[in-house]
Amino acid sequence: MSFADLGLEPKLLEAISASGYETPTPIQKEAIPPALEGRDVLGIAQTGTGKTASFTLPMIQRLAKGRAKARMPRSLVLAPTRELAAQVAENFDKYGANHKLSMALLIGGVSFGDQDAKLTRGVDVLIATPGRLIDHFERGRLLLTGIEVMVVDEADRMLDMGFIPDIEKIFKLTPMTRQTLFFSATMPSEIQRITDQFLHNPARVEVSKPATTADTISQRVVRLPGKDDKLKRNVLRELLGHADVKNGIIFCNRKTTVDIVAKSLQKHGLNARPIHGDLAQAFRTETLDKFRNGEVQFLVASDVAARGLDIPDVSHVFNYDMPIHADDYVHRIGRTGRAGKKGAALMLMTPADKKHYDAILQTIGVDDIEALDFSNFLEKQSGSRSPKPSKSSDRPSRRHSPKQEAETSDNSAPEAEKTPARRTRNSTRKSTKHEAPAEPVVGLGDHVPEFMMRGIAS
Ligand code: AMP
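Residues numbered from 1 in each chain as written. Predicted model: local features only at pLDDT ≥ 70, side-chain atom pairs only at ≥ 80, totals over all residues. Heavy atoms only, no water.

Enquirer: Honestly, the environment of R139 in this entry has me stumped. Any pointers?
Expert: For R139, the location among the structural elements is in the loop between helix 6 (130-138) and strand 5 (149-152). Judged by its relative accessible area of 43%, R139 falls in the partly exposed class. Filtering out sequence-adjacent residues up to four positions away, R139 remains in contact with F112 and D116. A polar atom in the side chain of R139 sits 3.0 Å from the side chain of D116. (Helix = DSSP H or I, 4+ residues; strand = E, 2+ residues; numbered from the N terminus. Buried < 20%, exposed > 50% of the residue type's maximum accessible area, 1.4 Å probe, protein only. Contact = heavy atoms within 4.5 Å. Polar contact = N/O pair within 3.5 Å; in protein donor to acceptor, adjacent residues only side chain to side chain.)

Written out as C-alpha cells, the structure reads:
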C-alpha cells in the first residue's frame, strides 16, 4: 500500500516523498483514511510508530480548504512537552511545505509577544502545550470557537503530568462539531473517560509497540551492592567509555541527579549535556540540536524532557536510575534500536530497586534481564576507595518524589521557569570548566563484558 492509496492529495504526496518516505507505517495506514473522512480517531500508539504524520497529514489536507482569520485558529494540536510540540511543528513544516498554511507554536519559555503578534495576524494551526495555551486564552488573545480539528498527542503523558483538567477545559472551549484525533500509548481509565466524553464514535486504531524488548535491543543490568552515588557514576563512566558506545541517553529519575551526573561526566572530560524541565528553553533546544547532529555525545535526561523526542541513531540507553514506573522503562529503551537498527539498553540496579525491577520484568514479559558481570570492577572500586560512606549528594535536601518532578518539570507556566532558568546558566558555566578528574578512573582490567564485544550496527 502506498501513501496515494490512503487518499492523500498530490501536494502532500510530493512533500512525503521529499521527506524520503515510501510506504506508510501501520498507524498511518489505519488512521489516515478515517481521519480524511472527517471521523474522530482514537490512536493507541507510541512514539516511533509514525503517529505524528498520521494526524498531521489529514489535518493539512482538511485545512487546505479555507483561510485563517485573526485570533480564530482552525486547528489545534496539544502536546505534553515543549520539545514534543516543537517536533510536531517541524513535522507540520515538512509535510505542509507545499501549502500556504500558517502556524503558531505556543510553548513556555518563549516570549508572549511574538506569539501574540502571530495570533493577531491569524493562524491556521496552533501547536501548544496545555498550560501556555490556557495562558493565552485567559489573556484574551485567542478564540477557540473556530477549531475544526483538535489533536491530543501523548494523552497518557499528559495524565502523568497533571494536565487532564486543562485538557478537559480546552475541549470545552472548542466547538462540539470539531473533529478530534486523539493519541495515547496506553489507555488508563482516566484517559478512557476523556475519550468517552469528548470523542464521537471514533475509529479506534491500535498498533503494537515498536520493538522494545525484542530483537533489536540488547538489554543488560549491572547489579550494584548498595546505593552509593559515586560508585554509580564510576560504573556509568566505565560503560560509556567503551568503543561501541557511539552516543547515548542517560536517564535519571530526578532533575537534581541529571545535573549532578552531567556535571560529573563533563568533569571527567566526557561530552555530555543535561536536559530537564527546569533548564531554559534555549539551552534545551540547543542541547537537542547538538545531540542530533553529533556535537554532543551524551544526553543526561529526565523522563519528562526526553519523552517522545525523535532522536535517530542512539546506540545506547543507560538507566542510571531505575525508572519508578515500568512504562517509563519501555519508553526509555525505545530511544534505541529504532527502525530495525541495533541498540543496547543498560541499567544500574541497587538492592533497593528490586520492587521496581520486578514490575519492569512483568511489563516487558521476561523472567529476568541478563546481568553484566562487574564483580572485578566492583572489587577494584571498593579496594581503591576509602571506607567512609559517600555523601550521597544526589539526594535532595527535602523529600521530593520523582512523580512530583514529572508533574512540575515541564509545566509551561512561565512563572515556574524564571528562577530555574537563571540557575541553569550558572551551572552550565561552571560545568564547562575542565578540571582534573577528582575520582579515580578504574579500568575494566581483563574483564570485558560480553555485550561490549558485539558491534552495534549503525
Ligand atoms: P513518530 O512516531 O511520529 O515520532 O515518528 C517516528 C519517526 O519515523 C520519525 O523520525 C519520522 O520522521 C519517521 N517516519 C514517519 N513516517 C514514516 C514513514 N512512512 N516511513 C519512514 N519513516 C517514517
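Enquirer: What exactly am I supposed to notice about the packing of helix 2 (residues 26-36) against helix 3 (residues 51-63) here?
Expert: For any two helices packed against each other, the geometry comes down to the angle between their axes and how far apart the axes lie. Two elements in contact, helix 2 and helix 3, have axes whose closest approach is 9 Å; the angle formed by their N-to-C orientations is 25 degrees. One way to sum up the angle between helix 2 and helix 3 is to call them roughly parallel. Pair helix 2 / helix 3 crosses with right-handed handedness. Along the contact surface, helix 2 presents I27, Q28, A31, I32, A35 and L36, while helix 3 presents K51, A53, S54, L57, P58 and Q61. By residue class, the composition of the contact of helix 2 with helix 3 is 8 nonpolar, 3 polar and 1 charged. (Axes fitted to C-alpha atoms, helices over the stretch in contact; angles between N-to-C directions. Parallel < 35°, antiparallel > 145°, perpendicular 65-115°, else oblique. Left-handed = near helix turned anticlockwise from the far one by under 90°. Nonpolar A, V, L, I, M, F, W, Y, C, P; charged D, E, K, R; others polar.)

Enquirer: How should the packing of aromatic side chains be read in this particular structure?
Expert: The description of an aromatic ring pair uses the distance of the two centres, along with the angle that the planes make with each other. Taken as a whole and judged by the stated rule, the model has 3 aromatic pairs. Ring centres 5.4 Å apart and planes at 50 degrees place the aromatic pair F55 and F183 in the tilted group. One end of the pair, F55, is in helix 3; the other, F183, is in strand 6 (residues 179-184), with 128 residues separating them in the sequence. On the accessibility criterion, F55 (0% relative accessible area) is buried. (Phe/Tyr/Trp six-rings, centres within 6.5 Å; stacked < 30°, edge-to-face > 60°.)

Enquirer: When you look at the side chain of Q179 in this model, what are you seeing that I'm missing?
Expert: Within the secondary structure, Q179 sits in strand 6. Contacts of Q179, omitting those with residues within four sequence positions, involve P34, A35, G38, R39, D40, R62, E148, V149 and M150.

Enquirer: Help me understand the pairing of strand 13 (residues 343-349), please; the structure alone is not making it clear to me.
Expert: In summary, the side chains of a regular strand alternate between the two faces of the sheet. Judged by how many residues are buried, strand 13 sits mostly within the fold: 7 of 7 residues are covered. With burial as the criterion, each face of strand 13 is covered, one bearing G343, A345, M347 and M349 and the other bearing A344, L346 and L348. Bridge count for strand 8 (residues 217-223) against strand 13 is 7 bridges, and the pairing is parallel. Each bridged residue has a counterpart across the sheet, and for S218 the counterpart in strand 13 is A344. Note: strand 12 (residues 316-319) against strand 13, 4 bridges, orientation parallel. Bridge pairing in strand 13 places V317 opposite A345. (Pairing = 2+ DSSP bridges.)

Enquirer: What am I meant to see in the sheet that holds strand 13 here?
Expert: One key point about sheets: their strands pair by backbone hydrogen bonds, in either a parallel or an antiparallel sense. With parallel pairing, 6 strands are arranged side by side in an open sheet as 8-13-12-9-11-10. Of all the strands in the sheet, the pair left with one neighbour each is strand 8 and strand 10 (272-275). Going from strand to strand, the sheet's axes swing by 20 degrees on average, the running direction of each strand aside. Direction of pairing for strand 9 (residues 248-251) relative to strand 12: parallel, over a ladder of 4 bridges. Looking across to strand 12, one finds that I250 is bridged to F318. Contacting strand 9, strand 10 and strand 11 (298-301), helix 12 (residues 281-292) runs over the sheet at an angle of about 135 degrees to strand 10. Across the sheet, helix 14 (residues 326-333) touches strand 8, strand 9, strand 12 and strand 13, and the angle it forms with strand 12 is around 155 degrees.

Enquirer: Help me understand the sheet that holds strand 4 (residues 125-128), please; the structure alone is not making it clear to me.
Expert: Pairing is parallel in the open sheet, where 7 strands are placed in the order 3-4-2-5-6-1-7. Every other strand in the sheet has two partners, leaving strand 3 (103-106) and strand 7 (203-206) as the edge strands with one partner each. Each strand axis lies, on average, 10 degrees off the axis of its neighbour in the sheet, ignoring direction. In this sheet, strand 5 lies alongside strand 2 (residues 75-78) in parallel orientation, the contact comprising 4 bridges. Its bridge partner being in strand 5, L76 is matched across the sheet by M150. This element, helix 2, spans strand 1 (41-44), strand 6 and strand 7 of the sheet and lies at about 170 degrees to strand 7.

Enquirer: Is there a simple way to think about the pattern of salt bridges in this case?
Expert: When the charged atoms of two side chains with opposite charge come close together, those side chains can pair. Here the structure, examined in full by the defined rule, presents 24 salt bridges. Notably, a salt bridge pairs E148 with R74, separated by 3.3 Å at the nearest N-O pair. Taken as a pair, E148 in the loop between helix 6 and strand 5 and R74 in the loop between helix 3 and strand 2 lie far apart in primary sequence, 74 residues in all. Residue classification places E148 among the partly exposed positions, given a relative accessible area of 26%. Several salt bridges converge on common partners, so that one network encompasses R62, R74, D124 and E148. (Salt bridge = Lys/Arg side-chain N within 4 Å of Asp/Glu carboxyl O.)

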